[in-house]
Every structure is written in C-alpha cells, then in structure tokens.
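# Residue-level structural notes
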Number of protein chains: 4
Amino acid sequence: MNKYSVILGNLGNTCDRFLSSGYKEIPPKETLIRQASEINGVKGLELVGTWDVNKDNVNEMGDLLSKYGLECVSIIPDLFAQRRWGKGSISAKDPAIRAQAMEYLYECVETARILKCGTLNIWPGQDGYDYILQSDLIQERRWLEENITTLAKSAPDIRFALEYKPKEPRNFSFMARAADTLLLAQRTGMDNVGVCIDTGHGYAAGENVGESVVILQEYGKKLFHMHFNDNYGGWDDDMIVGSVHFPTYVETLFWLKETGYDGWLSMDQYPYREDGKRAVEESVLFLQMIEKHLDSPKVMDELRSLVTRGNAVETQKWLRETFYK
Amino acid sequence: MNKYSVILGNLGNTCDRFLSSGYKEIPPKETLIRQASEINGVKGLELVGTWDVNKDNVNEMGDLLSKYGLECVSIIPDLFAQRRWGKGSISAKDPAIRAQAMEYLYECVETARILKCGTLNIWPGQDGYDYILQSDLIQERRWLEENITTLAKSAPDIRFALEYKPKEPRNFSFMARAADTLLLAQRTGMDNVGVCIDTGHGYAAGENVGESVVILQEYGKKLFHMHFNDNYGGWDDDMIVGSVHFPTYVETLFWLKETGYDGWLSMDQYPYREDGKRAVEESVLFLQMIEKHLDSPKVMDELRSLVTRGNAVETQKWLRETFYK
Amino acid sequence: MNKYSVILGNLGNTCDRFLSSGYKEIPPKETLIRQASEINGVKGLELVGTWDVNKDNVNEMGDLLSKYGLECVSIIPDLFAQRRWGKGSISAKDPAIRAQAMEYLYECVETARILKCGTLNIWPGQDGYDYILQSDLIQERRWLEENITTLAKSAPDIRFALEYKPKEPRNFSFMARAADTLLLAQRTGMDNVGVCIDTGHGYAAGENVGESVVILQEYGKKLFHMHFNDNYGGWDDDMIVGSVHFPTYVETLFWLKETGYDGWLSMDQYPYREDGKRAVEESVLFLQMIEKHLDSPKVMDELRSLVTRGNAVETQKWLRETFYK
Amino acid sequence: MNKYSVILGNLGNTCDRFLSSGYKEIPPKETLIRQASEINGVKGLELVGTWDVNKDNVNEMGDLLSKYGLECVSIIPDLFAQRRWGKGSISAKDPAIRAQAMEYLYECVETARILKCGTLNIWPGQDGYDYILQSDLIQERRWLEENITTLAKSAPDIRFALEYKPKEPRNFSFMARAADTLLLAQRTGMDNVGVCIDTGHGYAAGENVGESVVILQEYGKKLFHMHFNDNYGGWDDDMIVGSVHFPTYVETLFWLKETGYDGWLSMDQYPYREDGKRAVEESVLFLQMIEKHLDSPKVMDELRSLVTRGNAVETQKWLRETFYK
C-alpha cells in the first residue's frame, strides 16, 4: 500500500514573479498541518527550510507533527529562497557562499534528526546558470559533486535525495535530468545519496517518468523519493495529478511497484488560486484510484503482459476498459 | 450523435524520413475501405489526393465507397506529396507552380463533385519556409490568400476547410494556428471558407483545443472540420486518441456540442507500427466513451456549471467521479 | 532611425516564485530613471502601474521624466500584480472585479494624459485560465472584447496596444498569440486598438517574429508597439537581446522597416541577477549593431533580394559575411 | 586545428513522411564524394550503412575515398532504415531481430576495418517506444546494454560512439540524452564505448551542448564524436550551423578545446530543399569563422576569464565586440 505525504511549504507559499505577495491568505502553520492530516491516506509531511522549519522552531514543529499524527518524511533545505543563494549555493562561484550553504545543510541534518526524519531532499534550485558562457562548467560541477559527497559522508544516518529539474529559477540547472543526477549520485560513491523524481520536472525535461523510475532503480536502487504533480509538458506548472495526463500515472505506479519502490508518494503542487488542501487531496484521490486497480495481482499480470507484448492498440483498449466507465 | 470518419490515406501510407519504404505492408485500397467500414460508428471516409484518389480512379473509388456504405467526407488535395510542391504550392515563389497547384485544386473540386463530397480539406503543408529570411512574407502570404479566394469563388458549392499546423514538413507553415488561419479565411470574404482543427496540430501549437473550437465558432461559425489524434505536446505524433491526454478531449467534445458543431469527427493518425484499423478503432471507441457521458443533459448541465464557476478542484473531482471507475 | 526605450518596472522589480523578495537591492526611482537616460539611444520610458506610477505620484514621475529628458512611451496598467486580479481582471468571472479593472484602466488613461503619453500597453496577464474546463470560454472572451472596446471608445486620443503571451502567470492566456490578439483588436472596430509584440512571447508561442510583424502590419497596420528580449524558446526568460539567437533579429528589424513601423523599440527584460542598466544597454547596443547595417540602402536591397529568391544557403552566406568578423 | 567531416548519406538522402521519394534528384555516389572533398577543410566522410556502404560495395567506396583524399571517419550502421528494425534492433522484443542486428553490426565492424575506419557511430533510432506501457523498460534496456557490451568486446580495435536523440523515429529513444547514454557506456565497462553528441539532438533534448561536452569529458573522456547542425529547439530540424543560434557554438567549441577533444567535427544536416554541398559548406565556414577567433590564446584566456566571473553582461559585450562587425 502506497504511503502518501505532502510538502507543507508548497501548500502555503504560492506567489509568482508578478504577484510577489501571493494569491491568497496563508493560514497559520498549525492550520496547514491539521489540514494535511485530514487528507485521506496522508501520513507524512515534507518541511521546507526557512518557509516551514528552522533551528528555532524545530521543536514546535515536531510537537505539531506529533499532535496531528504525521511523520516528517523529508526536510527540503532552503537553497533557493534566500538572496544569498541567488547565484548558487553549494556550487556558487563565491567560496564564502559555498561554505555558508554547507553550514546551513549541516544545520538541516540536525533539524532532521530532531524530527526523526531520515531524508534530506536536496533541490539546489539556484545552482546552475542563465546565460551561455556564464559558468565554469567543469569547476562548478565539481564543487557541487564534492559538497554533496562531503555532506553525505558527514551524515551516514541520513539519506540524501537529489531532486532534479531542467530549469527554473535558473535557465539551466546543474541537476537537470534523472540520468545526470544519477551520475552525480554515483560519483559520490555513497550509498546514502540517491535521486528524487518530481513527475512534473520529468515531463518538462521530456522524460517518460516510468522510464526514469526504471533507470534509477536498475542502476543501483537509487530512487529515494517521489514528488507528484501534473503539467502541460513544457513547464513546471505544478498542477493537480491527472488534470492533464492519464496513462503516464498508471505506468509510473506500475514501475514503482515492479521495481520495489517503498518510499513515499509526496504531493508537490503550487495551487496558486485553489484551496490548497483540496487541490492536494484531489491528487491523492486520483493516485489512489489507480492504486486500487493495481492492488489486484490480475491487473499487475495484465500490465506485465502488455509491456512484454508492446501492442499499443491492446494497451489502449486495456486502459479504456480497465479505468473508464 | 457524433458522426465519425477516417482518413483513408493515413491509414495506409506511413513512412518516415528514415524508412521511406514504410513500416508495413499496405493492403489494397478495397481492403482498407472495407476495414474502415467495419469500425463501429464510422460512416465516412476522407480521401487524400494522389495517395487515394485522382481523376483516373475516382469512379472506381466512388463504387467502393458505395459498396461499403461510406460517405466521402472530404477530399484532401495532395499539396505535399509531389516533388513539384517541395517549395510551396499555391504560395510558391514560382508562378508556374502556383498555376499548377490551382489547376490541380480545380481538378480536386471536380473529383469531389463526382463523389458527392461537399468539402475540400486544404492542408498546404509545403507552403511556408524553413529558414529565417527565406520568405517574402508579405508577397507569399498574399498569394496564398488570393489563391484561396479565387478557388472558393470558383466553387461555391464546395466548402473549403483550411487545416493549420505549426510546422512539418516546413519549419514554419503559413497556416500555423487557429487564429491566423481564421484571419485568412475571413479575408477571403467567402462563406464557404473555414478552418479544420487537427487536435494534435493544436497541441503542438500550444493551443488549448477547446478554446480553438470556441474562437472559430464565435468568430463566424468557421469551424468546418475536425481531425482527431493525440501526441506528447511538442510534435505531431499522430497517436491514438486518449493515449496521452484525457480531460482535453472532454472539454473539446463539450465545446463542439455547445457551439453547435455538426460536422464530422475524423480520425487522423499515423499508426506506423500498429494495425491501422484497430488503432483508428480505439480512437473512435475512446471518443464514444466520452460522448456517451455527454449525451446526458445532466452531464452537460454539470459541465456548464463547472466552467461557469471555474473551481479547478471541483472540476477534477467531477472528472474523476464521472469518468473513472 | 529607430527609437529605443525601456520598461522601468522590469528594470527594477525582479523576483520569482522562489525568492519573492527579489534578487537584488532596488535603487530609488530617480536613480533608475537617471540610469535609463544614460543608455545610448534611449529616449523613452514605459511605466508600469503600481510598480512605477499611480495617480498619487504621477506628477512627481512627470517631473523626473522631464528632468532626465525622457518621453513616456507607454503606461502598462497593472492588471497582474494585485491580488484582486488573481483570477482575471477585465474578463474575470466576478462582475465587481471587472468593474474595478475598468475603473482602474480609466484612471490609467488619465495618468497617461497627464504624462503626455499616447499609448496604454495592455497586458492582461491574469486573464486566462490554468485548468481545462475552468473557463466559460465564450462568455469570458466576450467580456474581454467588450471591455477593450468600451475602453477604446472612451479614449479616442489614446492608442491601446494589446500585448499577447501564450502563458504565465496563467497556463493559458486569452491574448496568447499575434493572430488571436489581432482578431480581438479587429472585433473592437476601433482604430486605436492594436497589438504589441514582445519578441520573447513570440518565440515562446512558436512564432517567427518577423512573420508576426508582417501579419499585424498587413492586416491593417495593427502593430502598435514592440518589446525586445531573448529566450531559449520555451519560456519567457526575458534575457539580453542576442544572447541566444541572431538571424531572427535581423529579419525582425528588416520587416519592421519594410512595413513602415515607426513606433518604439522597447527593451523588456528581467535581469534577475544582472546589473539592470547594463543588461538593458547591451540589448540596445546589439540592436543598434544590426540597425547600423540596415541603414544602408544596399543592405536593404540585398535583403529584399534574398527573401525574394529564398535560397537558404545564400542567406546564410550573406549573414555570415555581412555581420561576422 | 579542427578536423571537419561530413555524413555522406545525409547529404544525399532527404525525404520525409509526406514526400517519400525525396525533394530532389540525388547525384551518383562519386559525385557526392567529390563534392564533399571540395568543401574547404573537409578531410573525412561518415558513411551510413545501406544508404552508402555495405559489404558488397565496400571496396568500391574505399577506392572512391582514396581517389578524393578523404578519410572514413565513421561508419553509421543502418539500424533505422530497414523494415526489420521497425520495432527495434539490438533491443527489439524479438530475439531473432536482435540476433540479426548483432550480425549486421559485426559486418559493419568488418566494413570499417576494410576502410581503415576506427569508429562505429551507433544510432539505434528504432530502439525505444512510442506509447506509454508499450515497453518492458527493464528488459529491453538490459538487452541494449548487453548487446553494446558484447559488440564492444568483440572489436577492441574499434571505438563505438553512441549517438543519443530524445525522439524520432520513436517517440521515446532508449539513448535519449547525454547523461543516460554515458551511463550506458559506463555500464559496459569498456574503454572503447563512448558517446556522440549531435548538437541538434542536444538542443531538442533541452541540453546546453557545452555542458554536455563537459559532462562526457569529465566523466571519463567519453566524448568520442561530434555532429553539427542547428534547429529551432523543439525538433531535429537538421539545419545549417548558425542559421538560428550563435553563442552556443562559441561555447561548444570553447569547451571542446578546453577538454582536449581531438576528434572530428562532422556536419550532419538534412538539406531537403537546398544544394547539399553548399549547405554543408556553409556550416563548415561558420564553424571556421568561430575557430579562427578561438585560435588566439588571448581569446581563449578571455573566455576562461568570462566563465570564471560569470557576468552575463560582460559576456554579451565581449561576444558582440569580438564577433560582430
């Protein structure tokens, strides 16, 4: 049975470059946490640094999670929402910034331990570049690799899930796609470094997410975490799961099951103009609708047979008859 | 009740630039026509010039259509599969080519009349350009407009559906999107010139196809024809309907109904490696599955209410509960 | 000789959804205006509502423009950076919001008159939708059209340049591409309604911008304004002109000249992490480099000949030999 | 000094799915070879299996290459233009097809040896899938890896350059991007397996090609070969180098030099409607124009300084002043 969780920060903080104050009133943290706990099937929360959790409020957050029966699934260090990281964090050209970023990550490790959270989900959104000929690609990518390695060695009790995204906020991210991020994870030589797939980042990168799952799992069981959302294909629109695509979610859940993924399915959306709780809830309900079918051994056998035979017409017929009324 | 049809030519001819001989054996025309007639709900055929029909075989084709109880829904003049049109047809720089293209189109009008077919679906795939600074954009677009106007005036008994596509085989098509093609149609000043939406061309152009339907219908009932297929969003992959996306087809069928579209829903795919008949059949079955729901006045009322309120969460909930098991 | 201008607001306000406080310190308005005036060739400013100008500071802004010898090229009403417009402004479902948006636009007309500015550049960024089946596409597009018409009728002394963009902040904008925005402009029946091309919006829409120029000019001299920037093709990255593409700018300046465009070339960038003044200045210098060549009647004749002949090899050779050292 | 070469097959065979007979008359092989030899700087040819070379004509081709003073830079086995490979070659579901593909590749090794050609450029264009849930992603990717490994072990005297491409002719290729192809190369454990970058495939995959060069070189000097062309970003348009983009080619040549790449720069275009020889020649001339600047140690030092500092404004200024008249 799949374990569902939610990123608290994304549930609350949703502004954009035109409306920096955000599209709606954000309720207090306790309200958000209570709302998350009320979503059917949700048992865990991801907390974003700065936005949701820091060394000063960590105990308070821990109490709230306990009160509402939620596990802290991951800490997402804030390497993107502070002006000092504007030109990069752990791969910044400025050595002082790299040092600050590492110091902050060590602090996040402590925060995670206090919350009995086993995973840091590292999304270094500012690490990359915007313009051609703006980055010393050799040197900066090395800093990134060295710092991830150092961090992972310093905390063998923590799993580091590296989250890739092709672009935004930089026009090119250093961790851009599943395979380059896996290469980086492999180069650290550390068992506690793996990759997080965000389905929408995968679509925006032109990946078939089911295949990204397989690549990461086949090359060393390196799929550490999953973020779910939907988009129109060209940008990280962070929408409700199933609002654009359908068969890809069936394939993704199928391969997650086939490859023995036992981590969380975490909802990661930006419901700018929607009720946050209900938008996330719809995503969970959509995935549970698919999961319900895949719970059947017969359905799983049919899927195995379909992918083995590879007849697109039969697959479409099966999808239509199995899922649609 | 929707009327379904199929493009015969696309059912048979499917090669690409790497495998010019095509991926499979193509059965004889009669077999293809019989197969089309056996698809549940299919009552019409579109015939592509050169590939399927020409002045020499028109009577034979007419007999075959009669034999299998199929209506000729449209003729698609071949303005793309002859070497002489390689640099454009009715907007080519070479006046001799433009004249030949017009002559050929008049011939297609005759063919249509013989087949009691009321529509020419004009897809001038070679009319456009590949490189920046390669086209005299003012002059060539004028030739296109003038020739469409002349053609339409010459045959007031025929409806001309202009089919747009952003690119391929040229990197830029002159008829690229719904609105620019509508502008061109309006400029002819002719009631018998309208637009054909190919859903996949719309996705590749970044359009929300439901909105393209509304624009064409609102600005003078100019939606003359519909081609259906699916793709991944960036290219005209010409796949089975519903194999990638879902809600967009509900919205498209909803607005077709709301705006009083009473034309054909024609399947236009390139089943390179699939059984052609069954691939097309799956598309029809998928659309019929949606149509069945939209047949209910209650469902249509719910849709009207959803688009009026605009609450994305409610819409997703409704889609999930209405369509998915 | 081309007239260059700058959007003041974009020069200063550059945050994104992750770093809502922005990437740098923003100098006071007077400093920004002085900086703009120091850029070689820049003679005009565009002012964004709320961010730069409102009814309370309009006289102060007018004095500053005079002090630094700058013309107010356009007012860009703020229909995107206030929470009340979050679900649309002049096409919002809520009639009270539509009324407020119109009232605000009338106010902007007054502001423009005070500043002796002849153009309102209307970018209704929030008017559109995010999800499929979220918009009553017929009704909401009608409100948009009616309100633009009413506005244009109310101020015949002002030109209204409608700026299109395919997406962001909404996943689908009602004014999405050149041709649909031209259709809307035509439907108002008003001579003082036209279109603004933002080159980057055009690229993101898959348009060849030179062709968009031609379409707007050919169909009634409807190109009212130009915004310049560059991007990687899939998103409005708002970068320095020429930092990604080259030949497209030659073609665009060529057709602007050929079609008699005599408006401003306005720089519209988001230099998140760059020195704003210098980033804009580089764009102007890049365009001036091209302009210098196009000033030559011989070069213009060569271009006319190239587009007439359409030989891509010759065009590339000519570009290489004419522009590159 | 860079070594330039040309793919003979692409120079001649250029049809598409609409015009399967091709857009122009193809001259005899000897004419094509002579034309290639006449292009300034071109010293090598790549030969495509079936189209250009096979076991029957290999000696004749060898003689022609000698006659015109051209080196055979690589053999590109035909794994894409035969109907039997339509559903895959070395990863096909059918074991008989996989066996045939391997047998054919062994034959290509022999052909290469006869031509004293050290490289097989493997582009398994049909290996992938079109539809979701059509591929047994684990098993088929394993077959691909095993067969590449077996092949590489069988011919230690030959280098195997794996060419990636995100899509076409399949909607998803197994070798899709630089990093996943590098992973595959690494997994073979063979020093004679590396990667070929086609610049246009990189753009279509959303990669910054300079960074792909760095990744491949940094992770084990795995860049074995380079194909050059240009496109609009979303598809493999196979155009003349520099006809769309500029700075990316400067960055790519810079990093090729910085990372010690000493292989060929091979032109890979589809000049459907152009004179093939002259279209390829323009690409070579464009790259030579850049190379001429990069020959200067001062320019290389300036570039090193620019990427170290990362100031986009300075970079743009430098590009403008260094390259443009």
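Everything numeric here is computed off the predicted structure, so don't read it as measured data.

### With respect to the overall build of chain A
- Counting secondary structure elements, chain A contains 12 helices and 10 strands.
- Whereas a compact globule of 325 residues would reach a radius of gyration of roughly 20 Å, chain A reaches 19 Å, a difference of no more than 12%.
- Seen through its principal axes, chain A has C-alpha atoms that stretch 60 × 45 × 40 Å.
- A burial count over chain A gives 72% of its 325 residues as buried.
- Put simply, 77% of the contacts in chain A that link residues at least 6 apart link residues at least 24 apart.
- Carbon and sulfur atoms form 49% of the exposed surface of chain A, whose accessible area is close to 9800 Å².
- Side chains of chain A carry 37 positive and 48 negative charges; the gap between the two charge centres is 1 Å.

### Some thoughts on the interface of chain C and chain D
- The partner chain D presents 28 residues to the 28 residues of chain C that form the contact.
- Summing both sides of the interface, chain C and chain D together bury roughly 2600 Å²; the carbon and sulfur share of this comes to 59%.
- Three residues stand out in chain C for area buried against chain D, namely V313, Y324 and K325 of chain C, and they jointly supply 29% of the buried area on that side.
- Linking chain C with chain D are two salt bridges.
- A salt bridge links E282 of chain C to R320 of chain D; its shortest N-O distance comes to 2.9 Å.
- Linking chain C with chain D are 12 residue pairs in polar contact (both at pLDDT 80 or more).
- Among the secondary structure elements, those contributing two or more residues to the side of chain C that touches chain D are helix 10 (276–294) and helix 12 (312–323) of chain C.

### Observations regarding the packing of aromatic side chains
- Tallied over the full model, the rule gives 84 aromatic pairs over all chains.
- Relative to F323 of chain A, the ring of W318 of chain A has its centre 5.9 Å away and its plane inclined at 80°; by these criteria the two rings are edge-to-face. In this pair, the class of W318 of chain A matches that of F323 of chain A, namely buried.
- Across from the ring centre of F224 of chain B, 3.8 Å away, lies the NZ or CZ of R159 of chain B, which sits over that ring.
- Geometry around W143 of chain D places R98 of chain D over its ring, the cationic atom sitting 3.6 Å from the centre.

### Some remarks on helix 2 (residues 29–38) of chain D
All names here are of chain D.
- Looking only at helix 2, the buried set comprises L32, I33, Q35 and A36. The buried residues of helix 2 all sit within an arc of 160° when viewed along its axis, so they share a single face.
- Looking at the buried side of helix 2, the elements it contacts are helix 1 (8–12), strand 2 (42–48), helix 3 (58–67) and helix 10 (276–294).

### Some thoughts on the interface of chain D and chain A
- With 52 residues of chain D at the contact, the number on the chain A side is 52 residues.
- Between the two partners, chain D and chain A, sit four salt bridges.
- A salt bridge links E211 of chain D to R141 of chain A, with the shortest nitrogen-to-oxygen separation between them at 2.5 Å.
- Between the two partners, chain D and chain A, sit 23 residue pairs in polar contact (both at pLDDT 80 or more).

### Side note on the pairing of strand 8 (residues 193–198) of chain B
Residues and elements named next belong to chain B.
- Within strand 8, six of the six residues are buried, which leaves it mostly tucked inside the rest of the structure.
- In this sheet, strand 8 lies alongside strand 6 (residues 159–163) in parallel orientation, the contact comprising four bridges. When the bridges of strand 8 are listed, A161 appears paired with G194.

### Thoughts on the relation of the copies chain D and chain A
- The transform that puts chain D on chain A rotates by 180° and translates by 0.0 Å along the axis, for an RMSD of 0.0 Å. Such a combination of rotation and displacement between the chain copies is what one expects of a two-fold axis. No C-alpha of chain D lies nearer the rotation axis than that of A179 of chain D, which sits 2.6 Å from it.
- Take the interface residues of chain D: 100% of them recur as interface residues in chain A, which is what a same-surface contact looks like.

### Focus on the UniProt feature "domain: Xylose isomerase-like TIM barrel" (unreviewed entry) in chain A
- Under the present numbering, the feature "domain: Xylose isomerase-like TIM barrel" (unreviewed entry) in UniProt falls on residues 34–287 of chain A.
- Annotated as residues 34–287 of chain A, this span is 41% helix and 17% strand, and its ends, taken at the C-alpha atoms, are 21 Å apart.

### Quick look at the domain arrangement of chain A
All names here are of chain A.
- Considered domain by domain, chain A is made up of domain 1 (3–292) and domain 2 (295–325).
- Each partner contributes to the roughly 960 Å² buried at the junction of domain 1 and domain 2, and carbon and sulfur atoms together form 70% of this total.
- Broken down residue by residue, the surface that domain 1 buries against domain 2 is led by F246, F254 and K257, which jointly contribute 46%.
- One can count two salt bridges joining domain 1 with domain 2.
- For R304, the salt bridge goes to E258, with nearest N and O atoms at 2.9 Å.
- If you look at where domain 1 meets domain 2, you find three residue pairs in polar contact (both at pLDDT 80 or more).
- Of all the elements, helix 9 (residues 247–258) adds the most residues to the side of domain 1 that touches domain 2, at six residues.
- Of the residues in the side of domain 1 that touches domain 2, the class split is seven nonpolar, no polar and four charged.

### So, the packing of helix 6 (residues 178–188) of chain B against helix 6 (residues 178–188) of chain C
- Following both chains from N to C, one finds helix 6 of chain B and helix 6 of chain C inclined at 45°, their axes separated by 7 Å at the closest point. Compared by their axis directions, helix 6 of chain B and helix 6 of chain C come out oblique. Crossing hand, helix 6 of chain B versus helix 6 of chain C: left-handed. Residues A179, D180, L182, L183 and Q186 of chain B of helix 6 of chain B form the contact with helix 6 of chain C, whose participating residues are A179, D180, L182, L183 and Q186 of chain C.
- Looking at the contact of helix 6 of chain B with helix 6 of chain C residue by residue, the class counts come to six nonpolar, two polar and two charged.

### Notes on the relation of the copies chain C and chain D
- If you rotate chain C by 180° and push it 0.0 Å along the axis, it lands on chain D with an RMSD of 0.0 Å.
- The residues that chain C uses at the interface reappear at the interface of chain D in 100% of cases, marking a shared surface.

### Quick look at the pattern of salt bridges
- Under the criterion given, the structure shown has 112 salt bridges over all chains.
- Residues D301 of chain B and R304 of chain B are paired through a salt bridge, measuring 2.6 Å at the closest nitrogen-oxygen approach. Residue D301 of chain B and its partner R304 of chain B are located together in helix 11 (residues 297–309), separated by three residues, close to a single helical turn.
- Through salt bridges with shared partners, a single ionic network connects R17 of chain A together with K165, E168, D236 and D238 of chain C.

### Points about unusual backbone geometry
- In this structure, P169 of chain A follows E168 of chain A across a cis peptide bond, with omega equal to 10°.
- Look at L133 of chain B: it is not a glycine, yet its phi comes out positive at around 60°.
- As for its placement among the helices and strands, L133 of chain B is situated in the loop between strand 5 (128–129) and helix 5 (137–154).

### Overview of the environment of S154 of chain C
All names here are of chain C.
- Looking at the element boundaries, S154 is found in helix 5 (residues 137–154).
- The sequence separation of S154 and G125 amounts to 29 residues, and the corresponding C-alpha distance is 22 Å.
- What S154 contacts, discounting residues up to four positions off in sequence, is Y106 and R113.
- At 2.7 Å, the side chain of S154 and the backbone oxygen of L151 are in polar contact.

### Some thoughts on the packing of helix 5 of chain C against helix 6 of chain C
All names here are of chain C.
- Between helix 5 and helix 6, the least distance of the axes is 9 Å, while the angle of their chain directions is 55°. Taken as axis vectors, helix 5 and helix 6 run oblique relative to one another. Judged by the sense of rotation from one axis to the other, the crossing of helix 5 with helix 6 is right-handed. Two secondary-structure elements touch here, helix 5 through L144, E145, I148 and T149 and helix 6 through L184, R187 and T188.

### Focus on the pairing of strand 8 (residues 193–198) of chain A
- Where strand 8 of chain A and strand 9 (residues 223–228) of chain A come together, four bridges link them in parallel fashion. Within strand 9 of chain A, the position partnered with D198 of chain A by the bridge is H227 of chain A.

### As for the nonpolar core
- Core analysis: the biggest nonpolar cluster contains 432 residues, and F323 of chain A, F323 of chain B together with F246 of chain C have the highest contact counts within it.
- Not counting residues within four places of it along the chain, the set of residues in contact with F323 of chain A comprises F246, V250, M289, I290, H293, L294 and W318 of chain A together with F323, Y324 and K325 of chain B.

### Looking at the side chain of R170 of chain C
All names here are of chain C.
- The residue R170 is located in the loop between strand 6 (159–163) and strand 7 (172–173) in this model.
- By relative accessible area, which is 4% here, R170 ends up buried.
- At 2.9 Å, the side chain of R170 and the backbone oxygen of Q126 are in polar contact.
- At a separation of 3.0 Å, a polar atom in the side chain of R170 contacts the side chain of D130.

Definitions and limits used
Residues numbered from 1 in each chain as written. Chains lettered and ligands numbered in written order. Predicted model: local features only at pLDDT ≥ 70, side-chain atom pairs only at ≥ 80, totals over all residues. Heavy atoms only, no water. Helix = DSSP H or I, 4+ residues; strand = E, 2+ residues; numbered from the N terminus. Rg over C-alpha atoms; globule rule 2.2 N^0.38 Å. Buried < 20%, exposed > 50% of the residue type's maximum accessible area, 1.4 Å probe, protein only. Contact = heavy atoms within 4.5 Å. Areas by Shrake-Rupley, 256 points an atom, 1.4 Å probe, with all protein chains shown as cover. Lys, Arg positive; Asp, Glu negative; His and termini not counted. Charge placed at Lys NZ, Arg CZ, Asp CG, Glu CD. Buried area = accessible area lost by both parts, 1.4 Å probe. Salt bridge = Lys/Arg side-chain N within 4 Å of Asp/Glu carboxyl O. Polar contact = N/O pair within 3.5 Å; in protein donor to acceptor, adjacent residues only side chain to side chain. Phe/Tyr/Trp six-rings, centres within 6.5 Å; stacked < 30°, edge-to-face > 60°. Lys NZ or Arg CZ within 6 Å of the ring centre and 35° of its normal. Arc of directions from axis to C-beta. Pairing = 2+ DSSP bridges. Least-squares fit on C-alpha atoms with pLDDT ≥ 70 in both. UniProt positions renumbered as here; feature names shortened; annotations may be inferred. Domains from an automatic or database assignment. Nonpolar A, V, L, I, M, F, W, Y, C, P; charged D, E, K, R; others polar. Axes fitted to C-alpha atoms, helices over the stretch in contact; angles between N-to-C directions. Parallel < 35°, antiparallel > 145°, perpendicular 65-115°, else oblique. Left-handed = near helix turned anticlockwise from the far one by under 90°. Core = buried A, V, L, I, M, F, W, Y, C linked by side-chain atoms within 4.5 Å.

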